[in-house]
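Secondary and tertiary structure notes
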Amino acid sequence: MSSDHIPIAAPQLGAAERDRVAAVLESGMIADGPEVRGFEREFADYCGADHGVATSNGTTALHAALHALGVGPGDRVLTTPFTFIATANAVAFTGAEVGFVDIDPRTYNIDPDALEARLRAGEQVDAVIAVHLYGLPADMTRLVELAEEYDFLLVEDAAQAHGAEVEGRRVGSFGDAACFSFYPTKNMTTSEGGVITTNHAEVAERAARFVDHGRVSGYEHAEVGHNFRMTSIAAAIGRVQLERLPEFTRARQANAAALTEYLEESPVTTPHTPPDRTHVFHQYTVACDGIERDALKSYLDAKGIATGVYYPKPVHKQPAYEHLAVSAPVAEEAAERVLSLPVHPGLSEADVERVGTAVANYAEVAR
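Keep in mind that this is a model prediction, so the values were computed, not measured.

Turning our eyes to something else, we now look at the packing of helix H8 (residues 232-262) against helix H11 (residues 349-366). Between H8 and H11, whose axes approach to 9 Å, the crossing angle comes to 30 degrees. The angle between the axes of H8 and H11 places the two elements in the roughly parallel class. The two elements H8 and H11 meet at a crossing, and its hand is right-handed. Contact with H8, carried on its side by Asn-255, Ala-258, Leu-259 and Tyr-262, involves Val-352, Glu-353, Val-355, Gly-356, Thr-357 and Ala-360 of H11 and no other residues of that element. Looking at the contact of H8 with H11 residue by residue, the classes come out as six nonpolar, three polar and one charged.

Right, dumping it as structure tokens:
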């Protein structure tokens, strides 16, 4: 990439994607169809799941998955407040009540100990959405155990974690359902799109109906549904991107390793990866412990290095949810400290060096 400006994200699209889209356009079958069915099968196989249901985006995937699992009014769904607001909105769309559990300060994912304390206290929990934030899986080993012990549904929000693993098993295969996003900034893209993976045939069937107007066949509609379908054009891009995903992942992990080396002596805290998990680095997020986050961000912006703050305000502090009066001090502190640096596959070695040395140099001066 090597240029004056280093972006925080850069979709990697090439001739193979263009050729696949051109073939779909030539076929005339540009809406939902065989191309989408092929993508669903291939993505589910990649995750080690039995079924895949493609959707128009990651938010509709979450909404459809919760609906397919029977989540609705009277139910209570817990998730992390340190996520994009779509995670909570999907719960609200079903009519269920959303609640928040604070995060682990090292992984930024939902804290299983905090969740277990709430369960032991007898709090109503009908489902939990575990977000694999920044490309690092949540502690699915503990969460699966808790789901079995306390009998709640477990949903994976894997929008940022395509190909991430827990003990060698890919995310998307642990919960009752899992949801992915293919927005352009994600680890792979379909332009816009999402997918639900599940090992339960009945969940897949109900989700597939729900995203297609509740249709069972022709003009026979078994329930009220939405038009949340993926297009064949999007699926065509996705099938090529899925083939390239291992290459993208290797590049992200190599860039992350190099950044960590550059920042080894810096006062910023580099990403933590527990030994049982594989991080795919949708974001490379540091915690600004010894320096002021916004000052570092401004310094990097002036040097042509784009950064991101994901997320500057936890969901429970958003106007739409602040009425819930949630206590999540770890999430609130993280929101003041985190800064994401470029890590995407479009970076050259020179770009990575430029990012790493700029952060390290600023941190040394600030210290």
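Tallied over the full model, the rule gives 21 salt bridges. Note that Glu-42 and Arg-239 form a salt bridge whose closest N and O atoms lie 2.5 Å from each other. Highlighted residues: Glu-42 in helix H2 (residues 34-47) and Arg-239 in helix H8, separated in sequence by 197 residues. Glu-42 sits in the partly exposed class, given a relative accessible area of 31%. Here Arg-239 falls in the buried class, since its relative accessible area comes to 13%. As a salt-bridge pair, Arg-229 and Asp-212 come within 2.6 Å of each other at their nearest N and O atoms.

Let's shift gears to the packing of aromatic side chains. Counted according to the given criterion, the structure contains 14 aromatic pairs. Residues Phe-82 and Tyr-108 carry aromatic rings whose centres are separated by 6.0 Å and whose planes lie at 50 degrees to one another, so their mutual orientation is tilted. Taken as a pair, Phe-82 in the loop between strand E2 (76-79) and helix H4 (86-94) and Tyr-108 in the loop between strand E3 (97-100) and helix H5 (112-120) lie far apart in primary sequence, 26 residues in all. Residue Phe-82 shares its accessibility class with Tyr-108, and that shared class is buried. Aromatic side chains Phe-84 and Tyr-311 sit 6.4 Å apart centroid to centroid with 35 degrees between the ring planes, which places their arrangement in the tilted category. Of this pair, Phe-84 sits in the loop between E2 and H4 while Tyr-311 sits in the loop between helix H9 (293-302) and helix H10 (329-337), placing them 227 residues apart in sequence. Following the ring pairs from residue to residue traces out a cluster consisting of Phe-82, Phe-84, Tyr-108, Tyr-134, Tyr-310 and Tyr-311. Between Arg-169 and the ring centre of Phe-174, over which it is positioned, the NZ or CZ distance is 4.1 Å. Taking NZ or CZ as reference, Arg-170 lies 3.9 Å from the ring centre of Tyr-46, over its face.

Attention shifts here to helix H3 (residues 58-68). By the criterion of burial, H3 is predominantly enclosed, with ten of the eleven residues buried. All of the buried residues in H3 are Gly-58, Thr-60, Ala-61, Leu-62, His-63, Ala-64, Ala-65, Leu-66, His-67 and Ala-68. Measuring from the side-chain oxygen of the N-cap residue of H3 to the backbone nitrogen of Thr-59 gives 3.0 Å; that N-cap residue is Asn-57. Looking one or two residues beyond H3, the residue adopting positive phi is Gly-70, at roughly 85 degrees.

Another point: the domain arrangement of the protein. One can read the domain layout of the protein as domain 1 (15-240) and domain 2 (245-366). Placing the centre of domain 1 and that of domain 2 at their C-alpha centroids yields a distance of 25 Å. Tallying the contact residues gives 38 residues for domain 1 and 33 residues for domain 2. Summing both sides of the interface, domain 1 and domain 2 together bury roughly 3200 Å²; the carbon and sulfur share of this comes to 63%. Summed over the three residues of domain 1 that lose the most area to domain 2, namely Phe-82, Tyr-134 and Asn-187, the buried surface amounts to 22% of that side. Between domain 1 and domain 2 we count zero salt bridges in total.

What follows covers the environment of Arg-170. One can find Arg-170 in strand E7 (residues 169-170). As a C-alpha pair, Arg-170 and Ala-49 span 121 residues in sequence and 9.1 Å in three-dimensional space. Once you skip the residues sitting within four places of it in the chain, Arg-170 turns out to touch Tyr-46, Cys-47, Gly-163, Ala-164 and Glu-165. Separated by 2.8 Å, the side chain of Arg-170 and the backbone oxygen of Tyr-46 make a polar contact.

Moving on: the sheet that holds strand E12 (residues 268-269). Sheet architecture is open: three strands sit in the order E12-E14-E15, paired in antiparallel fashion. This sheet does not close on itself; its edge strands, each paired only once, are E12 and strand E15 (338-341). Note that E12 and strand E14 (residues 284-288) share two bridges and pair antiparallel. The residue of E14 that forms the bridge with Val-268 is Cys-288.

Rules of the game
- Residues numbered from 1 in each chain as written.
- Predicted model: local features only at pLDDT ≥ 70, side-chain atom pairs only at ≥ 80, totals over all residues.
- Heavy atoms only, no water.
- Axes fitted to C-alpha atoms, helices over the stretch in contact; angles between N-to-C directions.
- Helix = DSSP H or I, 4+ residues; strand = E, 2+ residues; numbered from the N terminus.
- Parallel < 35°, antiparallel > 145°, perpendicular 65-115°, else oblique.
- Left-handed = near helix turned anticlockwise from the far one by under 90°.
- Contact = heavy atoms within 4.5 Å.
- Nonpolar A, V, L, I, M, F, W, Y, C, P; charged D, E, K, R; others polar.
- Salt bridge = Lys/Arg side-chain N within 4 Å of Asp/Glu carboxyl O.
- Buried < 20%, exposed > 50% of the residue type's maximum accessible area, 1.4 Å probe, protein only.
- Phe/Tyr/Trp six-rings, centres within 6.5 Å; stacked < 30°, edge-to-face > 60°.
- Lys NZ or Arg CZ within 6 Å of the ring centre and 35° of its normal.
- Polar contact = N/O pair within 3.5 Å; in protein donor to acceptor, adjacent residues only side chain to side chain.
- Domains from an automatic or database assignment.
- Buried area = accessible area lost by both parts, 1.4 Å probe.
- Pairing = 2+ DSSP bridges.

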